[in-house]
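# A closer look at the structure
Read off the chains here:
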Amino acid sequence: MAADLGELLVPYMPTIRVPRTGDRVFKSECAFSFESPESEGGLYVCMNTFLGFGREHVERHYRKTGQCVYIHLKRTIKEKATGASGGVVPRRRNGKVFLDLELNQDFNGDDYEYEDEAKLVIFPDHFEIPLPNIEELPALVTIACDAVLNSPSPYKKQEPDSWEDEVQVSRHARSLRQLDNGVRIPPSGWKCAKCELRENLWLNLTDGALLCGKWFFDGSGGNGHALEHYRETNYPLAVKLGTITPDGADVYSFDEEEAVLDPHLAEHLSHFGINMLQMQKTENGFTDNEVKARVSEWEVIQEAGLKLKPVYGSGYTGIKNLGNSCYLATTMQVLFSIPEFQRAYVGNLQRIFDYSPLDPSQDFNTQMAKLGHGLLSGQYSRPPVKSELIEQVMKEDYKLQQRGISPKMFKALVSKGHPEFSSSRQQDTQEFFLHLINQVERNSEGSENPSDVFRFLVEERIQCCQSRKVRYSQRVDYLMQLPAPIEAASNREELIVYETKRREAEANRRTPPEPVRARIPFSACLQACKEPENVNDFWSSALQAKSAGVKTSRFASFPEYLVVQIKKFTFGVDWVPKKLDLSIDMPDFLDISHLRASGLQPGEEELPDLAPPIVIPDDPRDNSMNNFMDSPDIDESSVMQLAEMGFPLEACRKAVYYTGNMGAEMAFNWIIAHMEEPDFAEPLALPVLSDDVPPAGGVVPGLDSQPPEESVAILTSMGFSRHQTIQALKATNNNLERALDWIFTHPGSEQESEAASEAGDMEANDNANDNANANANTNPTTPTNPEPTGPRVRDGPGRYELFAFISHMGTSTMCGHYVCHIKKEGRWVIYNDHKVCLSERPPKDLGYIYFYHQIPRS
């Protein structure tokens, strides 16, 4: 028999691999579905690619790749027999088979046991070889099978463990002396006390001195003032600003000359007013006092105490919480309730799967289609059969809940390379929504882009307060941010009394009074959104100098789906992100037609179309930060946000500049795409303009080369033609923001440019094509389809109806929990991780992000 098996496997031996270091073995989840070894058909793991496939999809992989050898994994879960001792862990049979495959958490370990089975399967004949079978299988096959069965989960991160093994606790941590000198560190605006550098800053934990590090600390540069301070004072420990999180920070010991751990870091930081590390969280992320203060919010949003009826079937599938992943679950539940997303991914499921790459786990469209099908098919949301229901009702701990789907593969892909979403920390669902929309945009080239339903144009009107001249420009946006003016609260007097009592109780160390929630009319929020805002560092082209300016924003188009974010989160003076406790009477029907942009009005005079001069010093390193802050073409806040992530300052400057000040998210993507380049951290080199300002719409001299391809891709993804995009970038010094303005102010540029480029060819062939051109010009049925010159926006009436909202429970985006309510089939449904139930009292006034769909014109 051994010889027979050996001969049988000989043709397939070249395709059987032993997993190497770095290979990911997917033995718990199908690449195209949420089938697992616990599913009825088990899971097939390819012995060459180590990808997992359910019974429905393994044939597709075999036909596409020709790989014939798979390991079939099957786990059978059984309830323990009567008389089994309580409290024991489930018995595992064939224990070595699934060494790293964890028991499904839906099953109580005291009540269930499970049996694992593995077989080697050869396609297309489905010949099965039970495992283990050391005696009869060739040595290579036995080693490969054993390596696959004992491989770790592909989602486990090993780097933190190795880091912790290397870094030791500082000998100064326990007995560190801290001076009582009254130093308090603000949450922003840091700079070196000696050279005013704003990057690579280190806080000395003894005296609170804020000084720059040396170049070798993180590769971003510095003048070594932190080390000089240690040599003068012998104060040994310093923490790097921008690395402080609830999980720790980068601490350096000058005396020990290495990175160290400080077990008392929270206490040492609190000495200087930094309390972020003192948030000792309970299971839900709150301290005991916070739980008491937020208990009402928690109960109301989750509809606790009400007997909610579970629902099952298509569109009612829950998503398991992977540990602070509720921000992802709520966002995806809402997106896949929108027909355009359903059509783009689930409607094209077979086409996407058939044309997926060899590694579908790394393909965005495949994983979106997989998640959408999991949520909408109803395959993973089935009610228990009658016999199971009767048996479960007899149990005291009976809860009628579905299991939901586990989005491990999807989360690993969409968060890849992102410092926050790739972590296990809680995140802001609004930031994840924009991150996901960006991913959809980048992966929809040449196909339907469902994110078009959110895109709209914003008209910004900036007025120079001194010359009274105005400038109109347009930008693309995906959500409406609505201020929450506390001063407009209808219970303002009650809030004032509460705040007075709270301060008195805090000063006298008494029990604080019952919290009072601010009640803000929606009309006040809308009014605050309409108010003009001051423009910092406004450069007036009429005055050729900086001046005071005010900006107002209006809708140049109304999207098909309007996303409204309530600006609830802010930062306290102690660095802790906080959420405003407020209630807003959000309407079911919303009319914002009065916010429609009107353009240049009679009597208004436009500011000259001149760009501010760019001045570059002889040595950019000498005055890099100060000159950068004075440059009107680079957004300071975006640069600082990126620099706080640990990227070199010069790279952050280039990222923000080359993405046209379109925000930290876009600049972050630029960094990820260019961080391997040799000049990644080199200073930004800009062309020095002469005193003569180029004419409006003219091309800056010396910039005739092709614009960066990533800038071209960004604009073409918005719906502009490639030819027009290149023309706009060349005319605006490759500045994305100004290129958008240029396109909107030159609507005929596309046709004019194409006509000019074709003029030579037409003239050369004029005689030969004279008759043909004449016939074409006189044919009234000849179609003319000029390419559209604007972005892909869907404009309609400004009337909307609420269909979903996401709510947050907790004191900040760093902790807490998200749930969402979605209106389906005329009834509100609450999605709370894997639990999906009919809502009895949807808390519309406590939401964080609201989703409205457009009401068509009657």
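As a reminder, the structure under discussion sits directly above these lines.
The sections below set out a description of the structure shown in this document. Position labels on residues start from 1 in each chain and follow its written sequence. For a predicted model such as this one, the threshold for reporting local features is a pLDDT of at least 70, and the threshold for listing and counting side-chain atom pairs is 80 or more; totals across whole chains, interfaces and linings nevertheless cover every residue. Water and hydrogen atoms play no part in the side-chain values, which are based on all heavy atoms of the structure.

Further remarks concern the nonpolar core. Think of a nonpolar core as a cluster: buried Ala, Val, Leu, Ile, Met, Phe, Trp, Tyr and Cys residues, connected wherever their side-chain atoms sit within 4.5 Å. Partly exposed residues are those whose accessible area sits between 20% and 50% of the maximum for their type, while under 20% is buried and over 50% is exposed, using a 1.4 Å probe and protein chains only. Within the largest apolar cluster, 94 residues are counted, with the highest numbers of intra-cluster contacts made by M332, F341, Y345 and F454. Considering every element that reaches this core, the biggest residue donor is helix 8 (residues 326-335), with 7 residues. I566, M586, W828 and Y850 belong to the second-largest nonpolar core, a separate cluster that totals 32 residues. Helical segments are the DSSP runs of H or I of at least four residues, strand segments are the runs of E of at least two, and each set is numbered from the N terminus.

Before going further, it helps to spend a moment on the side chain of T725. Within the element layout of this structure, T725 appears in helix 22 (residues 722-731). Using a relative accessible area of 0% as the deciding quantity, one classes T725 as buried. Contacts are residue-level and defined by heavy atoms, with any inter-residue pair within 4.5 Å sufficient. Setting aside chain neighbours within four positions, we find T725 in contact with S711, V712, L715, T716 and F720.

Take the environment of A731 next. Here A731 shows up in helix 22. When its relative accessible area of 8% is taken as the criterion, A731 is described as buried. The spacing of A731 and I743 is 12 residues in sequence and 10.0 Å in space, taken between C-alpha atoms.

Bringing helix 19 (residues 649-658) into the picture now. Of all the 10 residues making up helix 19, 9 are buried; the element is thus mostly covered by neighbouring parts of the structure. Residues L649, E650, A651, C652, R653, K654, A655, V656 and Y657 constitute the buried set of helix 19. One or two residues past the end of helix 19 sits G660, with phi positive at roughly 65°.

Moving on to the sheet that holds strand 12 (residues 258-261). By the convention used here, strands pair only if DSSP detects at least 2 bridges between them. Reading across the sheet, the 6 strands line up as 7-12-11-10-8-9 and stay open at both edges, with mixed pairing between neighbours. The sheet is open, and its two borders are formed by strand 7 (168-169) and strand 9 (210-212), each paired with just one other strand. Strand direction decides the pairing type here: strand 8 (residues 201-204) and strand 9, joined by 3 bridges, are antiparallel. Bridge pairing in strand 9 links L201 to C212. Axis angles are defined between N-to-C directions and span 0 to 180 degrees, where every axis is a line fitted to C-alpha atoms and, for a helix, only to the segment in contact. Here helix 5 (residues 225-233) sits on the sheet and contacts strand 8 and strand 9; the angle it forms with strand 9, its principal contact strand, is near 120°.

The next thing to look at is the packing of helix 9 (residues 339-346) against helix 11 (residues 364-376). Where helix 9 meets helix 11, the closest approach of the two axes is 8 Å, and the angle between their N-to-C directions is 115°. The element helix 9 and its partner helix 11 pack so that their crossing is left-handed. For the pair helix 9 and helix 11, contact is made by F341, Q342, Y345 and V346 and by F364, N365, M368, A369, G372, H373 and L376, respectively. In the scheme used here, Gly and all other residues not listed as nonpolar or charged are polar, with Ala, Val, Leu, Ile, Met, Phe, Trp, Tyr, Cys and Pro taken as nonpolar and Asp, Glu, Lys and Arg as charged. Classifying every residue of the contact of helix 9 with helix 11 by side-chain character gives 7 nonpolar, 4 polar and no charged. A crossing counts as left-handed when the near helix is turned anticlockwise from the far one by less than a right angle, and as right-handed when that turn is clockwise.

Below, the discussion takes up the pattern of salt bridges. Whenever Lys or Arg places a side-chain nitrogen within 4 Å of a carboxyl oxygen from Asp or Glu, that contact is recorded as a salt bridge. Overall, the coordinates contain 29 salt bridges when judged by the stated rule. Ionic pairing is found between K579 and E297, a salt bridge with its closest N-O pair at 2.8 Å. Residue K579 is located in strand 21 (residues 577-579), and its partner E297 is located in helix 7 (residues 288-302); the two are separated by 282 residues in the primary sequence. What makes K579 buried here is its relative accessible area of 6%. Across the pair E560 and R794 runs a salt bridge, and its minimum N-O distance is 2.9 Å. Of this pair, E560 sits in the loop between strand 18 (545-555) and strand 19 (561-566) while R794 sits in the loop between helix 25 (770-778) and strand 24 (799-809), and the two are 234 residues apart along the sequence. Owing to a relative accessible area of 31%, R794 belongs among the partly exposed residues under this scheme.

Two cysteine sulfurs form what is called a disulfide whenever their separation falls within 2.5 Å. Considering all chains together, one arrives at 0 disulfides under this definition. Residue C525 stays outside any disulfide, its sulfur separated by 9.5 Å from that of C529, the closest cysteine. Residue C525 is classed as buried on the basis of its relative accessible area of 0%.

All right, on to the packing of aromatic side chains then. Side-chain rings of Phe, Tyr and Trp (the six-membered ring for Trp) are treated as a pair once their centres are within 6.5 Å; stacked means planes under 30 degrees apart, edge-to-face means over 60, and tilted covers the remaining angles. Tallying each qualifying case throughout the model produces 25 aromatic pairs. Aromatic pair F433 and F454: ring centres 5.3 Å apart, planes at 80°, arrangement edge-to-face. With a gap of 21 residues between them, F433 in helix 14 (residues 429-442) and F454 in the loop between helix 14 and strand 13 (456-464) connect regions that are remote in the sequence. Under the relative-accessibility criterion, F433 is labelled buried at 2%. Under the relative-accessibility criterion, F454 is labelled buried at 0%. Note that R60 overlies the ring of F32, its terminal NZ or CZ placed 5.4 Å from the centroid. In this arrangement the basic side chain of K824 is found over the ring face of Y316, its NZ or CZ atom lying 5.5 Å from the centre. Whether a charge sits over a ring depends on NZ of Lys or CZ of Arg being within 6 Å of the ring centre and within 35 degrees of the ring normal.

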